[in-house]
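# Architecture at a glance
Below, each chain spelled out in residue letters.
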Protein chains: 2
Amino acid sequence: MPVARVVVDVMLKPEILDPQGQAVQRALPRLGFDGISDVRQGKRFELEVDGPVDDAALARIRQLAETFLANTVIEDFAVKVES
Amino acid sequence: MPVARVVVDVMLKPEILDPQGQAVQRALPRLGFDGISDVRQGKRFELEVDGPVDDAALARIRQLAETFLANTVIEDFAVKVES
């Protein structure tokens, strides 16, 4: 059966403080990396989907992301089909 | 100054066990989501870069990802410029 990969990216909303990303950003100059003004850290989920990734499958995955992978009070998510 | 966004995706190598992803995958049928044969969970970093994202800047970010964002013994990373 063909298997397709769908990626769900989950990031904190822009207005939510991101201490992990800030810690990375603050460490960069000490490590010799300048010119990076902001870092945000989030999660990436790679889902292997059995069968075709049609509109119905994508709608299901969007629902899955909304109810289970992301906390939509504080996080945004994006669903992408990977070629 | 123009600001560009560069994304660094960090995922466990395929041969490394991913208990977080497995926990998600095992929970899916219970939650009513079928047809997903594998889930891998990784990290996504969004870097805001001051100035142009030219080859030199990308080379620096690749070095940063390799030495600092990813543990290349167990993780793969990918650097992408976001439009």
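A brief structural summary. (Residues numbered from 1 in each chain as written. Chains lettered and ligands numbered in written order. Predicted model: local features only at pLDDT ≥ 70, side-chain atom pairs only at ≥ 80, totals over all residues. Heavy atoms only, no water.)

Check the secondary structure of chain A and you find two helices and three strands. Shown N-terminal to C-terminal, the secondary structure of chain A runs as helices and strands in the order β-α-β-α-β. If you line up chain A on its principal axes, its C-alpha atoms span 50 × 25 × 15 Å. Within chain A, the fraction of its 83 residues that count as buried is 43%. At a minimum sequence separation of 6, the contacts of chain A that also span at least 24 residues come to 73%. Approximately 4500 Å² of chain A is accessible, and the part contributed by carbon and sulfur atoms is 53%. (Helix = DSSP H or I, 4+ residues; strand = E, 2+ residues; numbered from the N terminus. Buried < 20%, exposed > 50% of the residue type's maximum accessible area, 1.4 Å probe, protein only. Contact = heavy atoms within 4.5 Å. Areas by Shrake-Rupley, 256 points an atom, 1.4 Å probe, with all protein chains shown as cover.)

A word on the relation of the copies chain B and chain A. Once chain B has been moved 0.0 Å along the axis and rotated by 180°, it coincides with chain A to within an RMSD of 0.0 Å. The operation mapping one copy onto its partner corresponds to a two-fold rotation axis. Residue lysine 43 of chain B of chain B places its C-alpha closer to the rotation axis than any other residue of that unit, at 2.3 Å. Residue by residue, 100% of the interface of chain B is reproduced at the interface of chain A, so both copies engage with the same surface. (Least-squares fit on C-alpha atoms with pLDDT ≥ 70 in both.)

What follows covers the interface of chain B and chain A. Tallying the contact residues gives 32 residues for chain B and 32 residues for chain A. Taken together, both faces of the contact between chain B and chain A bury some 2800 Å²; the carbon and sulfur share is 61%. Summed over the three residues of chain B that lose the most area to chain A, namely Phe33, Arg44 and Phe68 of chain B, the buried surface amounts to 21% of that side. Between chain B and chain A we count two salt bridges in total. As a salt-bridge pair, aspartate 9 of chain A and arginine 44 of chain B come within 3.0 Å of each other at their nearest N and O atoms. For the pair chain B and chain A, the interface holds 16 residue pairs in polar contact (both at pLDDT 80 or more). For the side of chain B that touches chain A, the elements supplying multiple residues, two or more each, are strand S1 (3-12), helix H1 (19-30), strand S2 (36-50) and helix H2 (55-69) of chain B. (Buried area = accessible area lost by both parts, 1.4 Å probe. Salt bridge = Lys/Arg side-chain N within 4 Å of Asp/Glu carboxyl O. Polar contact = N/O pair within 3.5 Å; in protein donor to acceptor, adjacent residues only side chain to side chain.)

Of note, leucine 28 of chain B is situated in helix H1. Once the C-alpha coordinates of leucine 28 of chain B and valine 39 of chain B are considered, the two residues, 11 residues apart in sequence, prove to be 9.9 Å apart. Leave out the neighbours within four places in its chain, and leucine 28 of chain B touches Leu64 and Phe68 of chain A together with Phe33, Ile36 and Val39 of chain B.

Residue and element names in this part refer to chain A. Under the definition given, this model contains 18 salt bridges over all chains. We note a salt bridge from lysine 43 to glutamate 75, for which the minimum N-O separation is 3.7 Å. Taken together, the residues lysine 43 in strand S2 (residues 36-50) and glutamate 75 in strand S3 (residues 75-82) connect sequence positions 32 residues apart. Owing to a relative accessible area of 11%, glutamate 75 belongs among the buried residues under this scheme.

All quantities given are derived from atomic positions and should not be read as evidence of function.
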